[in-house]
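Listed here are the chains, written in short residue letters.
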Amino acid sequence: MNSSDTYPKTPCVVDKPQSYSYGPQEIGEEEIAMVTEALRSKNLFRYLKPEDESFTARFEKEFAQMTQVDHVLAVNSGTSALICALVGLGISSGDEVIVPAYTYIATAAAVLTVRGIPVIAEIDESLTLDPADVERKITPRTKAIIPVHMRGTPSRMDELMAIAKKHGLLVLEDCAQANGGAYKGKPLGSIGDAGAFSLQQFKIITAGEGGAFVTNDRTAFERGGCYHCSAFEFWMRLANQELTIPPFVGENYRMSDLNGALALAQLRKREWILGRLREIKKRFLAGIADVKNIKMQDVPDAEGDCSTSLVFFIESSEIAKNVAAGLRDEGMAAGSVFDKGIPDRHIYYHWDYIMEKRSPDMYGHPWTDAARPCQVEYTRDMCPQSIDILSRTVSIPLTQRMSDAHVDSCICAIHKVMSRI
Ligand SMILES: Cc1ncc(COP(=O)(O)O)c(C=O)c1O
């Protein structure tokens, strides 16, 4: 039977979700109650009050338990969480830090903010760091690796931790897109020396804007804490905690208690969101297991995957583009990397200010540091493996509000579109 007899002539997809966001879609009475309580208190400063009255401190405490780490510092963005973690770990002028070719630009930008030099390494078919290329990119100046758990998929942490150990490197997990994910039973963010989370609108849970820096290392926590607020030592002392390090200059990355209230209410919904996302992805995977000519993303730990997207690879970029367009015609939200109107800021060759080594500093730091001038060169074709993989990628965003009927209709759409390839 040919495909025109098997599949409906009209678009397959039914019962589309209203939104593709995660946490923000779940904002309800719990969030309204906590934010209202914060507003009624007329005190939105997170410090200078007992910890059990600070929504931000309560969020930190629950997040520490769920992430199985000793220290959590809530901050005002995922970028500031990365910066605090990098300062915490002691990344300094001219230190090289390995980042993946596929991540939001903030991962590399945070390295530059602390005057480090991002070194871009290939991803593999997990869409996360390729350990073999990480090892090739190590130089005497390499100080740390940032595995990014992209699209909720855990990175190859066993291999990356082994490389880090062998070469004496620090590991900072970028968990911005993987809040609640795990790798071999360990919460993401608890495996490396530190972790950074984002609580921005498009993440698994949201605080409006916000982030969290996590670590088991007291010194790293205190260093990150000092950088997040220039008066950190005073707030700590008022909470009967003396710093064990001499404090130094910081910025202001504090979380307001308004955001803390929202973060706390959302955190309590995280496991439900992830549970439903995982069910949806399993249903998709079972439904398309027999589709020919697609290769599924190589997920390093399917159990710990946050399941925020369904990713597969097609033989060529041209066909991937057609498949994504075909799926959209069927009513699905699907994308391939090269068919978007705007350059995707998650692919390194669109990171213009890094490719061109631009700096807000009039003397061009950190690229021109007198003591340790940059030895890294960037070209837009420097990661051919990543470009090849990404160009053949079809990605379908999932959301916890997809009904089973919708998922089944998407499965039908995938079969229909692939039957024409
Ligand atoms: C992988 C990754 N790292 C870092 C960030 C930065 O987080 P934020 O936007 O909260 O600063 C984001 C998201 O925005 C991200 O996706």
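What you see is a predicted model; the values in this text were computed from it and never measured.

(A) Geometry of the packing of aromatic side chains. Overall, the coordinates contain nine aromatic pairs when judged by the stated rule. Ring centres of Phe59 and Phe63 lie 5.2 Å apart, and the angle between their planes is 15 degrees; on these two criteria the pair is classed as stacked. Of this pair, Phe59 and Phe63 both sit in helix H3 (residues 55-67), four residues apart, which is roughly one turn of that helix. Taken as a pair, Phe59 and Phe63 share a single burial class, namely buried.

(B) Just the pattern of salt bridges, in detail. Taken as a whole, this structure holds 32 salt bridges when the rule is applied. A salt bridge links Arg136 to Asp133, with the nearest nitrogen and oxygen atoms 3.1 Å apart. One end of the pair is Arg136 and the other is Asp133, both in helix H6 (residues 131-137) and three residues apart, which spans about a single turn. Here Arg136 falls in the exposed class, since its relative accessible area comes to 57%. Taking the relative accessible area as the measure of exposure, Asp133 reaches 5% and is therefore buried. A salt bridge links Lys137 to Asp133, with the shortest nitrogen-to-oxygen separation between them at 2.8 Å.

(C) Quick look at the sheet that holds strand E8 (residues 194-198). In spatial order, the strands read E1-E9-E8-E5-E4-E2-E3; together these seven strands make up an open sheet with mixed pairing. Of all the strands in the sheet, just strand E1 (71-75) and strand E3 (117-121) have a single pairing partner and so form its edges. If you compare each strand with its neighbour and ignore which way they point, the axes differ by 25 degrees on average. Sitting on the sheet, helix H8 (residues 218-228) is in contact with E1 and strand E9 (211-215), with an inclination near 15 degrees to E1.

(D) Layout of the side chain of Thr67. Note on placement: Thr67 falls in helix H3. Contact partners of Thr67, with chain neighbours within four places excluded, come to Pro187, Leu188, Ser190 and Phe197.

(E) Broad picture of the site of the ligand. Around the ligand, a shell composed of 15 residues is seen, among which Gly78, Thr79, Asp174, Ser198 and Lys203 lie nearest. Take Thr79: an N or O atom from its side chain is 2.5 Å from an oxygen atom of the ligand. Here an oxygen atom of the ligand sits 2.7 Å away from a polar atom, N or O, in the side chain of Ser198. In isolation the ligand offers 380 Å² of accessible surface; the protein chains occlude 93% of this area.

(F) Fine view of the state of the cysteines. As enumerated under the stated definition, the model contains zero disulfides in all. Of the cysteine sulfurs around Cys12, a residue in no disulfide, the closest is that of Cys412, at 3.3 Å. For Cys12, a relative accessible area of 8% corresponds to the buried category. We note that Cys306 lacks a disulfide partner, and the nearest cysteine sulfur, in Cys175, lies 9.0 Å from it. For Cys306, a relative accessible area of 0% puts it in the buried group.

Thresholds applied
Residues numbered from 1 in each chain as written. Predicted model: local features only at pLDDT ≥ 70, side-chain atom pairs only at ≥ 80, totals over all residues. Heavy atoms only, no water. Phe/Tyr/Trp six-rings, centres within 6.5 Å; stacked < 30°, edge-to-face > 60°. Helix = DSSP H or I, 4+ residues; strand = E, 2+ residues; numbered from the N terminus. Buried < 20%, exposed > 50% of the residue type's maximum accessible area, 1.4 Å probe, protein only. Salt bridge = Lys/Arg side-chain N within 4 Å of Asp/Glu carboxyl O. Pairing = 2+ DSSP bridges. Axes fitted to C-alpha atoms, helices over the stretch in contact; angles between N-to-C directions. Contact = heavy atoms within 4.5 Å. Near = heavy atom within 4 Å. Polar contact = N/O pair within 3.5 Å; in protein donor to acceptor, adjacent residues only side chain to side chain. Areas by Shrake-Rupley, 256 points an atom, 1.4 Å probe, with all protein chains shown as cover. Disulfide = S-S within 2.5 Å.

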